[in-house]
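# Summary of the model geometry
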Amino acid sequence: SIKITDTYIYYLDNANSLRVVRTDGKDNVLIADNIAASSVIVDKECIYYLREEPVDRNRKASSLYCMDMSGHNVRKLLFDVTLIDNFDDNTIMIKRAEEALFEFTIPVDKKNNTRTERRNYNLTHYCKFDKNTGALTTLLTLGLPDETEYEFKGCFGKKKKFSSSYKQIPKKTTYKRANVS
């Protein structure tokens, strides 16, 4: 990923570090490291990029950051972002992945008796991020479960249809605080 302005060249080096160098080749400066490859947007006033960070001992995730053109005033905008792409002057398109838990209510007979079960689904959200307001709007979610129809025979062999239903179970976020001495 490379962006050339009138006076500077912004690029990712082989170590996935974001660097800026003047167009005359002087002042080659590291401005951010651990950048997710091909995830840099150099705007008129800001640089948007994804930085990979450890979440815990077993998992890493990328966060969307923004900084000014000199590499200062770094701000974390969003956590757990998979991909970014420049849409227009005011909008960044974002892809986020999420494992979500759903509870299903499933009919088991013609008497409206049901059972419930929980299942995990991998969802993909496509969102737009407004650069001016910071608003995140989901445009499309893929991987949602389907409602399933079930048929049960009633009296005299007459079939009756029932549908399962589902609801997403919200995650309980836990925060662990390090011991402070």
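Residues numbered from 1 in each chain as written. Predicted model: local features only at pLDDT ≥ 70, side-chain atom pairs only at ≥ 80, totals over all residues. Heavy atoms only, no water.

Reading across from one edge, 1-2-3-4 is the order of the four strands in this open sheet, with antiparallel pairing throughout. Of all strands in the sheet, those with a lone pairing partner are strand 1 (2-4) and strand 4 (29-32), marking the two edges. Neighbour-to-neighbour, the strand axes of the sheet open up by a mean angle of 20 degrees, direction not taken into account. Note: strand 2 (residues 8-12) against strand 3 (residues 18-22), five bridges, orientation antiparallel. Within strand 3, the residue paired with Tyr11 across the bridge is Arg19. (Pairing = 2+ DSSP bridges. Helix = DSSP H or I, 4+ residues; strand = E, 2+ residues; numbered from the N terminus. Axes fitted to C-alpha atoms, helices over the stretch in contact; angles between N-to-C directions.)

Soluble, globular proteins show a tendency: their nonpolar side chains are buried together. Formed by 14 residues in total, the largest nonpolar core has its most connected members in Leu18, Val40, Ile47 and Tyr49. Listing elements by their share of this core, those giving two or more residues are strand 2, strand 3, strand 4, strand 5 (35-42), strand 6 (46-54) and strand 7 (60-68). No other element matches strand 5, which puts three residues into this core. (Core = buried A, V, L, I, M, F, W, Y, C linked by side-chain atoms within 4.5 Å. Buried < 20%, exposed > 50% of the residue type's maximum accessible area, 1.4 Å probe, protein only.)

This part is about the pairing of strand 9 (residues 83-88). Pairing analysis gives five bridges linking strand 9 to strand 10 (residues 91-107), with the strands arranged antiparallel. Bridging across to strand 10, Asp85 finds its partner in Met93. Hairpin connection between strand 9 and strand 10: a loop of two residues separates the two successive antiparallel strands.

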